[in-house]
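Each chain is listed here by its residues.
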Amino acid sequence: MKNSISLRSLLVIVAVTAAAASQAQIKIGVIVSATGPAAALGMPQQKMASLFPTVVAGQEVKYIVMDDASDSNQAAKSARKLTSEDNVDVIVGPSVNATAFAVLEVAAETKTPMVTMAPGSGLTSPVDSKRQWVFKGVMDEKIMAEATIRALAKIGVKSLGVMASSESYGESWVTALPVYAAEHGITVQKPERFGLADVAATGQTIRLISGKPDAVLVAGISTTAAMPHKALKERGYAGSIFQTYGSLNNEFLKVGGRDVEGTVTAASSKFLLLDELPDADPVKQRMAGVVKPYEAAFGKGSAVSYIMSLDDARQIAAYGIEKALQEKKKPGTPEFRKAVRDAIENAKNLQLSQSSLSFSPTNHTNIDRDSVTLVTVKNGKWTVYKQ
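Residues numbered from 1 in each chain as written. Predicted model: local features only at pLDDT ≥ 70, side-chain atom pairs only at ≥ 80, totals over all residues. Heavy atoms only, no water.

Caption draft 1: Representation of the overall build of the protein in the model. Scanning the protein for helices and strands turns up 12 helices and 16 strands. Relative to a compact globule of 387 residues, whose C-alpha radius of gyration would be 21 Å, the protein shows 23 Å and is just as compact. With respect to the three principal axes, the spread of C-alpha positions in the protein is 95 × 40 × 35 Å. Relative to all contacts within the protein whose residues are 6 or more apart in sequence, the contacts with residues 24 or more apart total 67%. Counting only carbon and sulfur atoms, one obtains 54% of the accessible surface of the protein, whose full area is about 16,600 Å². Averaging the positions of the 43 positive and the 37 negative side-chain charges in the protein gives two centres separated by 2 Å. (Helix = DSSP H or I, 4+ residues; strand = E, 2+ residues; numbered from the N terminus. Rg over C-alpha atoms; globule rule 2.2 N^0.38 Å. Contact = heavy atoms within 4.5 Å. Areas by Shrake-Rupley, 256 points an atom, 1.4 Å probe, with all protein chains shown as cover. Lys, Arg positive; Asp, Glu negative; His and termini not counted. Charge placed at Lys NZ, Arg CZ, Asp CG, Glu CD.)

Caption draft 2: Up close: the side chain of Thr-365. As for its placement among the helices and strands, Thr-365 is situated in the loop between β14 (356-357) and β15 (373-378). Of the residues examined, Thr-365 reaches a relative accessible area of 5% and is grouped as buried. Here the side chain of Thr-365 touches Lys-136 through a polar contact of 3.4 Å, side chain to side chain. Side-chain polar atoms of Thr-365 contact the backbone oxygen of Val-138, separated by 3.5 Å. Each residue touching Thr-365, except ones within four places of it in the same chain, is listed here: Thr-124, Lys-136, Val-138, Asp-140, Ser-358 and Phe-359. (Buried < 20%, exposed > 50% of the residue type's maximum accessible area, 1.4 Å probe, protein only. Polar contact = N/O pair within 3.5 Å; in protein donor to acceptor, adjacent residues only side chain to side chain.)

Caption draft 3: Representation of the packing of aromatic side chains in the model. In the structure shown here, the tally under the stated rule is 5 aromatic pairs. On the basis of an interplanar angle of 25° and a centroid distance of 6.1 Å, the ring pair of Phe-252 and Trp-382 is categorised as stacked. Of this pair, Phe-252 sits in helix α9 (residues 250-256) while Trp-382 sits in strand β16 (residues 381-384), placing them 130 residues apart in sequence. We note that Phe-252, like Trp-382, is buried. The aromatic ring of Trp-133 is capped on one face by Arg-341, whose charged end is 5.8 Å from the ring centroid. (Phe/Tyr/Trp six-rings, centres within 6.5 Å; stacked < 30°, edge-to-face > 60°. Lys NZ or Arg CZ within 6 Å of the ring centre and 35° of its normal.)

Caption draft 4: Seen up close, the packing of helix α11 (residues 305-326) against helix α12 (residues 334-345). Their axes nearest at 8 Å, the elements α11 and α12 cross at an angle of 120°. Taken together, α11 and α12 sit at an angle that is classed as oblique. Where α11 crosses over α12, the handedness of that crossing is right-handed. Contacts between α11 and α12 involve Ile-316, Ala-317, Tyr-319, Gly-320, Ile-321, Lys-323, Ala-324 and Leu-325 from the former and Phe-336, Ala-339, Val-340, Ala-343 and Ile-344 from the latter. Partitioning the contact of α11 with α12 into residue classes produces 11 nonpolar, 1 polar and 1 charged. (Axes fitted to C-alpha atoms, helices over the stretch in contact; angles between N-to-C directions. Parallel < 35°, antiparallel > 145°, perpendicular 65-115°, else oblique. Left-handed = near helix turned anticlockwise from the far one by under 90°. Nonpolar A, V, L, I, M, F, W, Y, C, P; charged D, E, K, R; others polar.)

Caption draft 5: Spotlight on the pattern of salt bridges. In total, this model carries 14 salt bridges according to the counting rule given. With a closest N to O distance of 2.9 Å, Lys-81 and Asp-86 form a salt bridge. Of the charged contacts in the structure, one is a salt bridge between Glu-146 and Arg-150, with a shortest N-O distance of 3.6 Å. Of the two residues, Glu-146 and Arg-150 are both situated in helix α5 (residues 141-154); the distance of 4 residues between them amounts to about one turn of the helix. For Arg-150, a relative accessible area of 41% corresponds to the partly exposed category. Salt bridges sharing partners connect three or more residues here, namely Lys-338, Arg-341, Asp-342 and Glu-345. (Salt bridge = Lys/Arg side-chain N within 4 Å of Asp/Glu carboxyl O.)

Caption draft 6: Structural detail: the environment of Ile-186. Topologically, Ile-186 is positioned in the loop between α6 (168-183) and β8 (187-188). When the C-alpha atoms of Ile-186 and Thr-376 are compared, they prove to be 22 Å apart, with 190 residues separating the residues in sequence. Each residue touching Ile-186, except ones within four places of it in the same chain, is listed here: Ile-149, Leu-152, Ala-153, Val-157, Lys-158, Ser-159, Leu-160 and Ala-181.

Caption draft 7: Looking closely at the pairing of strand β12 (residues 264-267). Taking every second residue as pointing to the same face, both faces of β12 are buried, with Val-264 and Ala-266 on one and Thr-265 and Ala-267 on the other. Sheet topology places β12 next to β15; 4 bridges connect them, and they run antiparallel. Note that in β15 the partner of Val-264 across the bridge is Thr-376. (Pairing = 2+ DSSP bridges.)

Caption draft 8: Expanded view of the nonpolar core. Ranked by size, the top nonpolar core spans 99 residues in total, and within it Ile-28, Val-30, Trp-173 and Ile-321 carry the most contacts. Considering each element in turn, this core owes the most residues, 11 residues, to α11. Sequence-distant contacts of Ile-321, that is, excluding residues within four places in its chain, are made with Ile-26, Ile-28, Val-56, Val-90, Phe-336 and Val-340. Counting residues in hydrophobic clusters, the runner-up holds 17 residues, among them Ile-64, Ala-75, Val-88 and Ala-107. (Core = buried A, V, L, I, M, F, W, Y, C linked by side-chain atoms within 4.5 Å.)

Structure follows, in structure tokens:
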């Protein structure tokens, strides 16, 4: 009898322990640039993270949100803390290329899946021993550069000047543009560069204009891209000025004012055209599902496209987590993290806020070219660009 009671007690303990293990808390680390030069992207993303669902596939999720201050060293430190102290199951972020490349190293070393909002093609290509842990829900610059060059060729541009930010976002455009420009008979002149904290670009502007390019492309992030654009206008440049999707927000319009009227850029999201889309459009419906609660919390008109990028990254991570749970893997373990990575890598036709995408062992980025739209600034607002 005594042995029977002990056996029953043991079975109860084992059952309770197993149940507790299966219900272990899931942890997601979120790294954004809420302060520093990239705060226009990261601050709304930080707010968006406060609205994330706290349950995935019936299990509690804890989000640990960290600000990398737009600094690569701080981003790496944040990733170290998340992986070594908090033992997160996946990292969502960072916001921009420079910080994302720093976190990539930590994610690969600790074998932690990472879903970033940064667009750099080098983050996910080639899919090697490091990049097998990194995924992107956003377009990379190669696809956007290709669309931009096609638009420039259509208006007869033969020579292109480039004003690029000196960090990795600008450099990735400097690298990508000549590849597609050559295919369309466009000569890309020697690029000029500006720092994210620069308040003037007089010398660069004079040199660029002296080359007499048919058009100029400014590659920068958010409001920082307005400064060289305004400098070109102030110096009397009369050619077409194109921007990149790093500038696609209303803060850029406020800083740029009249000077950015008529600028054109390739957009990877239809967010800025939300009001122009038919109500039956499935993308509009999915985006509205993000915008409405955000603006209910933070005010009408407060939503920006960067919150979509973050929510898409969260959805990708949640997909991997749900699949790993279905395989009965325990959160907080290397096996769980690998199962999350494997599930994301084999995801097909994920319906995200901004687009649909599929991954594979050789592709860890969004290549949905159908979601690319050309937009322009007209009467102080972003609208569809019609060539």
